[in-house]
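# Geometric and topological summary
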Amino acid sequence: MSVLLHYLPLLGVLVVVAGFALRFNPVPVVVVAGIVSGLAAGKSIGDILALIGTSFVSERALLLFVLTLPAIGVLERAGLREHARHWIASLRGLNVARLLIAYLGLRQILSMLGLTSVAGQAQTVRPLLAPMAEGAAEKRGSPLTPQERNDVRAFSAATDNIGLFFGEDVFIALGAVLLIQGFYAQHGIELEPLQIALWALPTAIAAFVIHAIRAVLLQRRLQRQVGAAADAREEAD
Amino acid sequence: MLRIEQAYWLMALFLAGAAILNLRDRRWSHAAFWGVLAMLVAGGKFVLAAAAAHDNLPAQLAGAGVIALAALSPRMSRGHLRERPADEREADAKKLRHRLLGPALLIPLVTLLVALFGDYLAFDGRRLFDAHQMTLTGLALACLVALVAALRVTRADPASGLVEGRRLLDTLGWAALLPLTLAALGGVFAATGVGTAVADLVRMLIPVHSALACVVAFGLGMVLFTVIMGNAFAAFPVLMAGIGIPLLIRLHGANPAILGAMGMVTGYCGTLFTPMAANYNIVPVALLELPNQGDVIRAQWKTGALLLVVNLALIYLLVFRF
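Residues numbered from 1 in each chain as written. Chains lettered and ligands numbered in written order. Predicted model: local features only at pLDDT ≥ 70, side-chain atom pairs only at ≥ 80, totals over all residues.

### Here's the deal with the overall build of chain B
When helices and strands are counted, chain B shows 16 helices and two strands. Overall, chain B is about 70 × 55 × 50 Å in size when its C-alpha atoms are taken along their principal axes. The buried share of chain B, reckoned over its 322 residues, is 53%. A fraction of 72% describes how many contacts in chain B between residues 6 or more apart in sequence connect residues 24 or more apart. (Helix = DSSP H or I, 4+ residues; strand = E, 2+ residues; numbered from the N terminus. Buried ≥ 20, exposed ≤ 12 C-beta atoms within 10 Å, placed from the backbone. Contact = placed C-beta atoms within 7 Å.)

### Things to note about the overall build of chain A
A tally of regular secondary structure across chain A gives 12 helices and zero strands. Going residue by residue from the N terminus, the α and β elements of chain A occur as α-α-α-α-α-α-α-α-α-α-α-α. Over its C-alpha trace chain A gives a radius of gyration of 23 Å, far above what one expects of a compact globule, namely 18 Å for 237 residues. By principal-axis analysis of the C-alpha atoms, chain A measures approximately 75 × 45 × 40 Å. Out of the 237 residues in chain A, the part that is buried amounts to 55%. Counting contacts in chain A only where the partners sit at least 6 residues apart, residues at least 24 apart contribute 74% of the total. (Rg over C-alpha atoms; globule rule 2.2 N^0.38 Å.)

### What about helix α5 (residues 69–77) of chain A?
Judged by how many residues are buried, α5(A) sits mostly within the fold: nine of nine residues are covered. Among all positions of α5(A), only L69(A), P70(A), A71(A), I72(A), G73(A), V74(A), L75(A), E76(A) and R77(A) are buried.

### Concerning the interface of chain A and chain B
With 98 residues of chain A at the interface, the matching set in chain B holds 117 residues. Here the side of chain A that touches chain B is built from residues that sort into 62 nonpolar, 26 polar and 10 charged. (Nonpolar A, V, L, I, M, F, W, Y, C, P; charged D, E, K, R; others polar.)

### Topic: helix α11 (residues 211–229) of chain B
All names here are of chain B. Taking 1.5 Å of rise per residue, the 19 residues of α11 would be expected to cover 27 Å, and the 26 Å separating its terminal C-alpha atoms lies within 8% of that figure. Where burial is concerned, most of α11 is hidden: 14 out of the 19 residues are buried. Just downstream of α11 lies G230, where phi reads positive at about 75°. (Expected span 1.5 Å × (residues − 1).)

### As for the packing of helix α10 (residues 194–205) of chain B against helix α12 (residues 232–251) of chain B
Residues and elements named next belong to chain B. For the pair α10 and α12, interaxial distance at closest approach is 9 Å and the crossing angle is 35°. Seen from above, α10 lies across α12 with right-handed handedness. Contact residues: G195, T196, V198, A199, D200, V202 and R203 in α10; V238, L239, A241, G242 and I243 in α12. Across the contact of α10 with α12, the residue classes break down as seven nonpolar, three polar and two charged. (Axes fitted to C-alpha atoms, helices over the stretch in contact; angles between N-to-C directions. Left-handed = near helix turned anticlockwise from the far one by under 90°.)

### With respect to the packing of helix α2 (residues 11–21) of chain A against helix α3 (residues 26–40) of chain A
Residues and elements named next belong to chain A. Axis separation between α2 and α3 bottoms out at 7 Å; the angle between their running directions is 160°. As judged from the angle between their axes, α2 and α3 are roughly antiparallel. For the element pair α2 and α3, the recorded crossing hand is right-handed. Side by side, α2 and α3 meet where L11, G12, V15, V16, G19 and F20 of the first sit next to P26, V29, V30, V32, A33, G34, V36, S37 and A40 of the second. (Parallel < 35°, antiparallel > 145°, perpendicular 65-115°, else oblique.)

### Topic: unusual backbone geometry
All names here are of chain B. Despite not being glycine, D124 has its phi angle at roughly 50°, a positive value. Along the polypeptide, D124 turns up in the loop between β1 (122–123) and β2 (126–127). According to the C-beta neighbour criterion, D124 is exposed, with 4 such atoms within 10 Å. Not every positive phi belongs to a glycine, and R155 is a case in point at roughly 50°. Along the polypeptide, R155 turns up in the loop between α7 (134–154) and α8 (159–172).

### Quick notes on the nonpolar core
If you look at the biggest cluster of nonpolar residues, it comprises 193 residues, and the most contacted ones within it are V96(A), A133(A), L239(B) and A261(B). The element best represented in this core is α12(B), accounting for 12 residues. (Core = buried A, V, L, I, M, F, W, Y, C linked by C-beta atoms within 7 Å.)

### Things to note about the domain arrangement of chain B
All names here are of chain B. For chain B, the assigned domains read domain 1 (4–176) and domain 2 (179–318). Averaged C-alpha coordinates put domain 1 and domain 2 at centres separated by 31 Å. If you look at the interface, domain 1 gives seven residues, while domain 2 gives seven residues. A class-by-class count of the residues in the side of domain 1 that touches domain 2 yields four nonpolar, two polar and one charged. (Domains from an automatic or database assignment.)

### Focus on the domain arrangement of chain A
Along its sequence, chain A is organised into domain 1 (2–58) and domain 2 (64–236). One C-alpha centre belongs to domain 1 of chain A, the other to domain 2 of chain A; they are set 34 Å apart.

### Points about the environment of I180(A)
Take I180(A): it is sitting in helix α10 (residues 175–186). Linking I180(A) and L39(A), residues 141 residues apart in sequence, is a C-alpha distance of 31 Å. I180(A) has contacts with I196(A), G260(B), A261(B) and M264(B), leaving out every residue within four places of it along the chain.

### Overview of the confidence of the model for chain A
Per-chain confidence: chain A averages 85 in pLDDT, with 92% of residues scoring 70 or above. No element of chain A has a lower mean pLDDT than helix α1 (residues 2–7) of chain A, at 76, and none a higher one than helix α9 (residues 146–168) of chain A, at 94. (pLDDT = per-residue confidence, 0-100.)

### What about the environment of L62(A)?
The topology assignment puts L62(A) in the loop between α4 (45–58) and α5. Assessed through the 18 C-beta atoms surrounding it within 10 Å, L62(A) is described here as partly exposed. Apart from residues no more than four positions distant in its own chain, L62(A) is found in contact with P179(B), L180(B), A183(B) and N279(B).

### What about the environment of G120(A)?
Examined against the element boundaries, G120(A) turns out to sit in the loop between α7 (96–112) and α8 (121–137). Through-space distance from the C-alpha of G120(A) to that of F155(A) is 14 Å; in sequence the pair is 35 residues apart.

### Observations concerning the confidence of the model for chain B
Residues of chain B with pLDDT of at least 70 account for 99%, and the chain-wide mean is 88. Across the predicted assembly, pTM comes out at 0.80 and ipTM at 0.83.

Next up, the structure:
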């Protein structure tokens, strides 16, 4: 019986998995999962409400990105995305792969220096990187299909994530490295932050290489589809 | 002194403004949603202070507010809000050209300057920036500076900051809220012992005398738990306490520095697979107006999967050697 009680809070995990799988709106799914987990652990409704409330407000820094929206909205109204696209399209020698690889490297280096909030999905991807990548992709000579446009945008977002994650872990003064050091210290293992940070470097390099190769493959795929479309036109003629 | 709290007030003001605009358009659900969120953001410090003093009522009210937001979320249809016609935007873009990039780049630039030099700015011996979460305070300041610059460059009406900001906020809809809700769930999971239950399950399933089996279980456990929680930081203490320290370090003699660093980044691979990491994987779907919830994950899972294999190999080859 006590064994069963030990595993009962996992019902909350089950709610999340089922809710996401059934494509319910994620916000209520997550809140219900919290309530289920709390009830399964034998907490009272009052305690669960207080737990949800304090956890929620103590993480409100996660919402700060909305402050970028007014400035970016005003610029978009005056054609920022259109300009970013035209400008990149006019630069010779710059293609999708090179643009994305350059951004990936820059984002990793900035994150390694602890400058994680400098770029981001709201700050740089929507207003700058995604339209620039679209502009670079259109240099192949034919406009992107809606599917290709979405692929390029999604890949831009992915590039920002990968640059952030696999740079941040090398930074010694914040976040991951201090969490690791603090955890070990609690368990009687003393380490210097630099020892930990350096061992995140091999993965950072591997992440750069793998994602850069995938950016090149994306570029090739976009190019090939132009070739295929041109061939199809010739055959039709 | 500039503090993170002021950034929260500014955010609450913006959210309240968005609520009022929606109220005028008779979009009741949106108005209520941003209104409740504005109150939660503005009252955050008070709630936490009261909870620390064992007064649970404000926290319970906040919890009720979160449930109200969850109930409103399905009614937050994302839909594209009316935007300025594309040809007018093109015309402005041709006229203003690079001047448009300046204010956009001010956001990262000012944030960067505050992060680098904020510690040295002081008047009469008092710091200009509070050291607590200084980079994020810098981000908020950068957004204000960029807004002023954007209004000057585009000669737009100052009210358009709120109007356009609200357009983007409504485009995001409930996706803006998901990161916070998930972080709150992480808090609940931690408080209800979900973590230890998962670690115990994993340990029941593996042959503990095999170093390879322990490495694989540790790595995949980090990924699985990160996928469930949406956050490698939450997975780390659980898997370390369950497998890392007792089995890999104490039993098999793994190097803790390597295991810690590489274990954490193995969890980061999991972040690339999961809708639970909403601010990275779901918010951009809304921001970039992509058609499917899974589009960003689809673009990045292959990088994550390859990196996961590389990582597991690196852990196995390195931790027992150094």
